[in-house]
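# A structural walkthrough
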Amino acid sequence: MKLKATAAKGLQTVRSFLADTFRVTGIQFTIAASIMIITIVVMAAVSGILYTKFSQTAENNTFLNNQQIVEQVNYNLDIYLRGMAQTFEMADDQILLNKGVPTASLREHLETILSTREDLVSVGLFTPEGQPIANYPNQAMRSNSGLTGQSWFTSALASPNHLSFSLPHIQNLYKGSYTWVVSMSKGISFTDERGRVDAVLVMDINFKTIDDLFRRVSLGQKGYVYIIDKSAGNIVYHPQQELIYSGLKYENVEQALKYTFGTYKDTSTGEDRLITIQTTDMVGWKIVGVSYMNEIVTAKREIGRFMVWMLPVVLLFVLLISAYMSAKISNPVRRLERSMAKVEQGDFDIQLQVKGDDEVGRLSRRFNIMVGRISQQKEQLIEEQEAKRRSELDVLQSQIHPHFLYNTLNSVVRMASIGKSEEVVQMITALSKFFRISLSKGKHIITVEEELEHIRNYLVIQKFRYKHKFNYVIRADEDVLSYSTLKLLLQPLVENAIYHGIEMMADEGAIEITASLENGQIVFHVRDDGLGIAPQKLSSLLSANAKQEGEGSGVGLQNVDQRIKLYYGNRYGITITSELEEGTDVRIVIPAMISDGEGRLA
């Protein structure tokens, strides 16, 4: 379960990260997307350039490598043949120096030459008619070898004193010997007891040495090198000689004969091939290198495949880096945004943590200073509004008592003069309690019980003054008595009920005062069965112009309503219902709150 919870938390973190990163309206998305787009464009351009450049370089390197390999092969073959030519000249010199061929000394020299070169098969000296003069090693000759018709023999006679190289052939001069050789031959002259003698000197080179040299050469995976005779285009060497002879493989030697050296592309065999040619001047052979273009294309494909794999890897790396960088840049801005949202909702206690001295750090520092100043101004404004409210409340409350005290004292004097001492005592006692609660040590908030006691004393006094013109009843729920209320809310309303509802009645009136707790609110009712209020007058009682229009009954009502709204807010106040000749019901609603004992609501 713990592992499952950890996995779920990790998944949620990743989702939040991706949601924050790819929120299309966020600054982080803008930064990350910009970096990604730039990277994709740059990577695509760089990849295209690199692919083209690498492809050209690979092709050029293939051309150059082929040329260098073929040149190296040509150089090695030339060095080898020149060495063999020097060996041939040494044999020629020994023949000229030893008069009376063959001599023991000549035999010794030629055998020494043969023993020092494993690639030399034989040395022979023949008359122009094909009769052997000397053979090394000394072996019996075949009678039907056709010596005088062989190319190396005819070339030596045709161009005396010129060293000729034959095409590879099977040596058939000696019995029991069938070595594949290349024959060096030359027409020479020497002297003996007969005088000047013309002869043909031949030295056979084992072709296996040349074959081994060329078999080690390869151009790419399938490429190879072969040799042709530049005079007739005969193939001197080919690694697939058997296929050539059997007609299963074709080489376009006609095209190769047109070049002394160089490179060209050939499609005569059905495949795209790169042909590189070098010529060995000494023997007139052409070294032909063959490589296949599809191997070059394969190299291009490898480069392209590498680019295709490299691009998403680089993009993923750039995505992670851009997400990290954009988050590092945008997170401080987001914190600032969230803080501003809290300030917008009225939270001025927030302070941003300032990191660094960059633009965001300086902006955060100034934000903290701004919020601090706004908070100070808010507190100052609240204090000023509170002071103003208390001042207005004091002014409204001070308007209540002067005329009542004056009228009450007149009533006391009148009753004392006619000897109603008991009524005077009751009236003075009620007046004392009335003012004790009115003063309340300067507090504006008293309990509902005190407010009801206050209005009871007021009614006692008024009942004496109006000679029992009315009766009254006060009822209150037990649970509402401990709640708090603004002081002197009921007295102006009862005063209006007496003056404007009952005083002018012919019959005795009744006043009912109730207090109850309804839905977390304290509800007072002041009802009378007096004359009632005309509808047109009722609608203007609580308006701001009631006082200016001289509507006496509206002054007290408006006073109480304004005090309630100043203290508790505009949700609370007075509502009046009345019918002519039926009476009036004034309803007061205030919040149910408890005082802390110092006249402050908790």
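Just so we're clear, the structure is a prediction, and the values are computed from it rather than from any experiment.

Moving on: the overall build of the chain. A tally of regular secondary structure across the chain gives 15 helices and 18 strands. Looking at the 602 residues of the chain, the share that counts as buried comes to 43%. Across the chain, contacts joining residues at least 24 apart in sequence account for 64% of those joining residues at least 6 apart.

Backbone-to-backbone hydrogen bonds join strands into a sheet, with any given pair of strands oriented parallel or antiparallel. Here we have five strands laid out as an open sheet, ordered β8-β7-β11-β10-β9, and antiparallel in their pairing. Among the strands making up the open sheet, the edge pair consists of β8 (235-237) and β9 (262-266). For this sheet the average axis-to-axis angle between neighbouring strands, irrespective of direction, equals 30°. Running at roughly 30° to strand β10 (residues 273-280), helix α2 (residues 27-97) makes contact with β7 (224-229), β9, β10 and β11 (285-292) of the sheet. Where helix α5 (residues 207-215) meets the sheet, it contacts β7, β8 and β11, and its direction lies at approximately 85° from that of β8.

Let us now look at the packing of α2 against helix α3 (residues 104-116). Where α2 meets α3, the closest approach of the two axes is 10 Å, and the angle between their N-to-C directions is 175°. The orientation of α2 relative to α3 falls into the category roughly antiparallel. Together, Thr87, Met90, Ala91, Gln94 and Ile95 of α2 and Leu106, His109, Leu110 and Ile113 of α3 make up the contact between the two elements. The residue inventory of the contact of α2 with α3, partitioned by class, reads six nonpolar, three polar and no charged.

The subject of this paragraph is the pairing of strand β1 (residues 120-126). As a general feature of sheets, a regular strand has side chains that alternate between the two faces. For β1, the tally of buried residues reaches seven of seven residues, placing the bulk of the element in the interior. Strand direction decides the pairing type here: β1 and strand β2 (residues 132-136), joined by four bridges, are antiparallel. What sits directly across from Gly124, in β2, is Asn135. Where β1 folds back onto β2 in an antiparallel hairpin, the turn is made up of five residues, including Gly130, whose phi is positive at roughly 95°.

Here the focus is the pattern of salt bridges. Considering all chains together, one arrives at 15 salt bridges under this definition. Residue Arg196 pairs with Asp198 through a salt bridge whose shortest N-O separation is 4.0 Å. Of the residues examined, Asp198 reaches a relative accessible area of 43% and is grouped as partly exposed. The partner of Asp266 in a salt bridge is Arg273, with the nearest N and O atoms 3.4 Å apart. Counted as one network, the salt bridges with shared partners bring together Arg475, Glu512, Arg527 and Asp585.

Within the fold, Arg366 resides in helix α9 (residues 359-398). In this structure the C-alpha to C-alpha distance between Arg366 and Leu352, which are 14 residues apart in sequence, comes to 9.9 Å.

This part covers unusual backbone geometry. Notably, Lys467 is not glycine yet its phi reads approximately 55°, a positive angle. Following the sequence through the fold, Lys467 ends up in the loop between α12 (448-465) and β13 (470-476). On the accessibility criterion, Lys467 (61% relative accessible area) is exposed.

Counted according to the given criterion, the structure contains eleven aromatic pairs. On the basis of an interplanar angle of 80° and a centroid distance of 5.7 Å, the ring pair of Trp152 and Phe153 is categorised as edge-to-face. Residue classification places Phe153 among the buried residues on the basis of a relative accessible area of 1%. Centre to centre, the rings of Phe434 and Tyr458 are 5.8 Å apart; their planes meet at 35°, and the pair counts as tilted. With Phe434 in helix α11 (residues 421-439) and Tyr458 in helix α12, this residue pair connects regions lying 24 residues apart in the sequence. Here Tyr458 falls in the buried class, since its relative accessible area comes to 0%.

Here α11 contains 19 residues, and its C-alpha end-to-end distance of 27 Å stays within 8% of the 27 Å for a straight helix at 1.5 Å per residue. Where α11 is concerned, the buried positions are Val424, Met427, Ala430, Leu431, Phe434, Ile437 and Ser438. Projected down its long axis, α11 carries its buried residues within an arc of 160°, all on one side. Residues Ser421, Glu422, Val425, Arg436 and Leu439 are exposed on α11 and point more than 90 degrees away from its buried face.

This next bit is on the layout of surface pockets. Empty space within the largest pocket amounts to approximately 360 Å³. In terms of lining, the largest pocket is formed by 14 residues, of which the most central are Lys328, Pro332, Arg335, Lys355 and Val360. Counting only elements with at least two residues in the lining of the largest pocket, the list comes to α8 (293-344) and α9. Top contributing element to the lining of the largest pocket by residue count: α8, with five residues. Of the residues assigned to the lining of the largest pocket, the class counts are five nonpolar, four polar and five charged.

A few words now on the environment of Gln255. With respect to the helices and strands, the residue Gln255 is situated in helix α7 (residues 253-256). Each C-alpha atom of the pair Gln255 and Gly233 lies 9.9 Å from the other, and the pair is 22 residues apart in sequence.

With that settled, consider a nonpolar patch on the surface. Together, Ile170, Tyr178, Trp180 and Tyr245 make up an exposed nonpolar region whose accessible area comes to about 470 Å². On the secondary structure map, Tyr178 appears in the loop between β4 (169-170) and β5 (180-192).

Averaged over all residues, the pLDDT of the chain equals 82, while 89% of them reach at least 70. Confidence, expressed as mean pLDDT per element, reaches its minimum in the chain at helix α1 (residues 2-21) with 60 and its maximum at strand β16 (residues 521-528) with 95.

As a further point, take helix α4 (residues 151-158). When α4 is considered as a whole, its buried residues turn out to be Trp152, Phe153 and Ala156. Buried residues of α4, seen end-on, are gathered within an arc of 100° and therefore sit on one face of the element. Elements that come into contact with the buried residues of α4 comprise β1, β4, β5 and β6 (195-206).

Relative to the elements of secondary structure, Ser164 occurs in strand β3 (residues 164-165). Given a relative accessible area of 12%, Ser164 falls into the buried group.

Here is what the cut-offs are and how they apply
- Residues numbered from 1 in each chain as written.
- Predicted model: local features only at pLDDT ≥ 70, side-chain atom pairs only at ≥ 80, totals over all residues.
- Heavy atoms only, no water.
- Helix = DSSP H or I, 4+ residues; strand = E, 2+ residues; numbered from the N terminus.
- Buried < 20%, exposed > 50% of the residue type's maximum accessible area, 1.4 Å probe, protein only.
- Contact = heavy atoms within 4.5 Å.
- Pairing = 2+ DSSP bridges.
- Axes fitted to C-alpha atoms, helices over the stretch in contact; angles between N-to-C directions.
- Parallel < 35°, antiparallel > 145°, perpendicular 65-115°, else oblique.
- Nonpolar A, V, L, I, M, F, W, Y, C, P; charged D, E, K, R; others polar.
- Salt bridge = Lys/Arg side-chain N within 4 Å of Asp/Glu carboxyl O.
- Phe/Tyr/Trp six-rings, centres within 6.5 Å; stacked < 30°, edge-to-face > 60°.
- Expected span 1.5 Å × (residues − 1).
- Arc of directions from axis to C-beta.
- 1 Å grid on protein atoms, 1.4 Å probe; cavity = no way out; pocket = protein on both sides within 12 Å on 5 of 7 lines; lining within 4 Å.
- Points joined across faces, edges and corners; volume = space filled by probe spheres on them.
- Patch = residues over 30% accessible without salt bridge, like charges linked within 9 Å, V, L, I, M, F, W, Y side chains within 5 Å.
- Areas by Shrake-Rupley, 256 points an atom, 1.4 Å probe, with all protein chains shown as cover.
- pLDDT = per-residue confidence, 0-100.

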